[in-house]
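Here is how the chains run, residue by residue.
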Amino acid sequence: METILSVKNLKKSFGSLEVLKDISFDLARGEIISVLGPSGGGKSTLLRCLTQLETIDDGLVAVDGDVLFGDGKYADKANLSRITLKIGLVFQNFNLFPHLSVMENITVAPIRVKKMPKVQAQELARNLLERVGLSEKADYYPCQLSGGQQQRVAIARALALDPEVLFFDEPTSALDPELTGEVLKVIRGLADRRMTMIIVTHEMGFARGVSDRIIFMENGVIVEEGPPEQLFTAPKNPRTRDFLSRVD
Amino acid sequence: MNLAVFKLLLDGTVITLRMFALTIIFSIPLGLLVSVLRMSRLWIFNLPARLYILVLRGTPLMLQIMFIFYAPGLIQGFPFSWQGDRMMAANVALILNYAAYLAEIFRGGIQAIPQGQREAGKVLGLSGTETFFIVVMPQVVKHVIPPMGNEIINLVKDTSLVQVIGIAELMNTAKVQASGNVSIMPYLVAGGIYLGITVILSAVLSFTEKKLDYYR
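It should be emphasised that the depicted structure is a prediction, and the values quoted were computed from it without experimental measurement.

About the thresholds
Residues numbered from 1 in each chain as written. Chains lettered and ligands numbered in written order. Predicted model: local features only at pLDDT ≥ 70, side-chain atom pairs only at ≥ 80, totals over all residues. Heavy atoms only, no water. Helix = DSSP H or I, 4+ residues; strand = E, 2+ residues; numbered from the N terminus. Buried < 20%, exposed > 50% of the residue type's maximum accessible area, 1.4 Å probe, protein only. Contact = heavy atoms within 4.5 Å. Areas by Shrake-Rupley, 256 points an atom, 1.4 Å probe, with all protein chains shown as cover. Lys, Arg positive; Asp, Glu negative; His and termini not counted. Charge placed at Lys NZ, Arg CZ, Asp CG, Glu CD. Salt bridge = Lys/Arg side-chain N within 4 Å of Asp/Glu carboxyl O. pLDDT = per-residue confidence, 0-100. 1 Å grid on protein atoms, 1.4 Å probe; cavity = no way out; pocket = protein on both sides within 12 Å on 5 of 7 lines; lining within 4 Å. Points joined across faces, edges and corners; volume = space filled by probe spheres on them. Nonpolar A, V, L, I, M, F, W, Y, C, P; charged D, E, K, R; others polar. Phe/Tyr/Trp six-rings, centres within 6.5 Å; stacked < 30°, edge-to-face > 60°. Pairing = 2+ DSSP bridges. Axes fitted to C-alpha atoms, helices over the stretch in contact; angles between N-to-C directions.

J.: Looking at this structure, how should I read the overall build of chain B?
T.: Helix and strand content of chain B: 8 helices and 0 strands. The helix and strand sequence of chain B, counted from the amino end, reads α-α-α-α-α-α-α-α. Viewed in the frame of its principal axes, chain B has a C-alpha envelope of about 70 × 50 × 25 Å. Scored against the burial criterion, the 216 residues of chain B give a buried share of 44%. At a minimum sequence separation of 6, the contacts of chain B that also span at least 24 residues come to 74%. Total accessible area on chain B is roughly 11500 Å²; 70% of this is exposed by carbon and sulfur atoms. Mean positive and mean negative side-chain charge positions of chain B (16 and 10 charges, respectively) differ by 4 Å.

J.: Is there a simple way to think about the pattern of salt bridges in this case?
T.: Opposite charge on two side chains makes pairing possible when the charged atoms of those side chains draw close. Scanning the entire structure with this criterion turns up 19 salt bridges over all chains. For the salt bridge of Arg 208 of chain A with Glu 229 of chain A, the shortest nitrogen-to-oxygen distance reads 3.1 Å. On the criterion of sequence distance, the pair formed by Arg 208 of chain A in helix 7 (residues 204-210) and Glu 229 of chain A in helix 8 (residues 228-233) is long-range, its members being 21 residues apart. The partner of Asp 11 of chain B in a salt bridge is Lys 7 of chain B, with the nearest N and O atoms 3.6 Å apart. Of this pair, Asp 11 of chain B and Lys 7 of chain B are both found in helix 1 (residues 3-39), 4 residues apart, which corresponds to roughly one turn of the helix. In this structure Asp 11 of chain B comes out as partly exposed when scored by relative accessible area, which is 35%. Lys 7 of chain B sits in the partly exposed class, given a relative accessible area of 48%.

J.: Can you help me understand the confidence of the model for chain B in this one?
T.: Keep in mind that low pLDDT regions are not for reading the predicted coordinates in detail. With 100% of its residues at a pLDDT of at least 70, chain B reaches an overall mean of 95. For this predicted complex, the interface confidence comes out at an ipTM of 0.93, alongside a pTM of 0.86.

J.: Even after reading the chapter, I still don't get empty space enclosed by the protein, so can you show me in this structure?
T.: If a probe the size of a water molecule is rolled over the atoms, the empty space left behind becomes visible. Applying the stated rule across the entire model yields 4 cavities of 30 Å³ or more. When its volume is computed, the largest cavity comes out at roughly 80 Å³. As for the largest cavity, its lining consists of Gly 88, Leu 89, Val 90, Phe 91, Phe 94, Ala 154, Arg 157 and Ala 158 of chain A together with Ala 120, Val 123 and Leu 124 of chain B. Contributions of two or more residues to the lining of the largest cavity are made by strand 7 (87-90) and helix 5 (147-159) of chain A together with helix 5 (115-123) of chain B. Of the residues belonging to the lining of the largest cavity, the class tally is 9 nonpolar, 1 polar and 1 charged.

J.: Explain the packing of aromatic side chains to me, please; I cannot follow it from the model alone.
T.: The relative placement of two aromatic rings is captured by the distance of their centres and the angle of their planes. All names here are of chain B. Here the structure, examined in full by the defined rule, presents 8 aromatic pairs over all chains. Both rings, one in Tyr 98 and one in Tyr 101, keep their centres 6.4 Å apart while their planes meet at 45°; by these two values the pair is tilted. Taken as a pair, Tyr 98 and Tyr 101 lie in helix 4 (residues 86-111) at a separation of 3 residues, close to a single helical turn. Residue Tyr 101 is classed as partly exposed on the basis of its relative accessible area, which comes to 28%.

J.: Explain the sheet that holds strand 11 (residues 221-226) of chain A here, please?
T.: Residue and element names in this part refer to chain A. On the basis of which strands lie adjacent, the open sheet formed by 6 strands has the order 7-8-9-3-10-11 and mixed pairing. Sheet topology places strand 7 and strand 11 at the edges, where each strand pairs with a single neighbour. Direction aside, neighbouring strands of the sheet carry axes that sit 20° apart on average. Sheet analysis places strand 3 (residues 32-36) next to strand 9 (residues 196-200), joined by 4 bridges and oriented parallel. By the bridge assignment for strand 9, Val 35 is matched with Val 200. Contacting strand 3, strand 8 (165-169) and strand 9, helix 6 (residues 177-192) crosses the sheet at an angle of about 150° to strand 9.

J.: Could you clarify how one ought to interpret the layout of surface pockets in this entry?
T.: What the largest pocket holds in volume is close to 1000 Å³. The wall of the largest pocket is formed by 27 residues, among which Arg 118, Lys 122, Ser 127, Gly 128 and Thr 131 of chain B lie closest to the centre. Elements with a minimum of two residues in the lining of the largest pocket: helix 2 (77-86) of chain A together with helix 1, helix 4, helix 5 and helix 6 (128-158) of chain B. Empty space within the second largest pocket amounts to approximately 240 Å³. Lining the second largest pocket are 13 residues, with Arg 131, Leu 159, Asp 162, Pro 163 and Met 195 of chain A sitting closest to its centre. Ranked by residues supplied to the lining of the second largest pocket, first place goes to helix 4 (residues 118-131) of chain A with 3 residues. Taken together, the residues of the lining of the second largest pocket sort by class into 7 nonpolar, 1 polar and 5 charged.

The structure is reproduced here in structure tokens:
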């Protein structure tokens, strides 16, 4: 299968703290990976490095054949912008723009970045809102929506740029338990359409059901990876076994 | 109080309002520039901005007005002269002083916007400039309106300080007319005019705040 994202020996430190020690993995087009592991293990930092929110210290990262970071330096600006549009990120805290309506939140990037005509962008936004089940909320402001609805708008906003890969950074961690279901349902819908995704989550049951592969991370390293059934039923590494037994 | 005195007070009011307007118009962009420099990580930018804010907030406005007007004439070989243009000197002093206060208000407003907003802009492919003007600035406006309102209302009354360099604005006119006519009325009328201006500004400010109330 075609590799859409390739990460080799990725390293990242904050001061003297090594957050990502030596991360390597490939993501194939259409593949869904869930990243599990205890807090502070480097899961979010990994996503943030790949979306250019944190600077990479060392290693090689290539997205859809374009090198994002390699030989100790980043690609040039034009390449970086192109790569930015290929990866979407859904934040834990949604980070919707509170002063813009739901419609504007979704259309601002297509209009500004992709130079899409406004009418076309709004048409796209309406389709996406329908997909996340919020057709009637286009003219609302984020503060008028529940957390679950806000996160679904954030997913629609990320999809509006038609990314090759979509990252989720603990998409349900900021939500009340009764609201996580509606968000997970939307992500499951994306999975049914074979959207390529990396999902950092603490929702074990969800990760097990939706993923093609699970990566278990701790202390900045990938401790174990494999198909969900194998990882959940017969984890090889004692650390993985320990973690899964404590959360289940 | 006769009509002629009232007319003089109105002339003073026009001068006061013109100074007020010019100060608002020019101190906002200057204050924004100073706040951006102040937030720079490079000392070559943030140090001058810090110094500017420290001096302008740390000395009396009245002293600044006098210094700015008199310094060119009193310092030997100063390459610039006001050519007697007191109004210009007064405006410059007010603008420089208010820019320092506004800079700190803007800095507070800009820093109050969560980092996640900028990150969302970046991940969506917006440039730094686009993120600043589309995502950050509109939210900053909402944050800074209440503290800016304070400064704006202070400014109405601070314009009276320019009388120290002999400008016949509202307060100065009232003082001259009160002593000339041995009457308390010019003070009362001047006070009423300042109060009227403040009432109107307060109404405009609270209207603006309400307009921005559509989101949290």
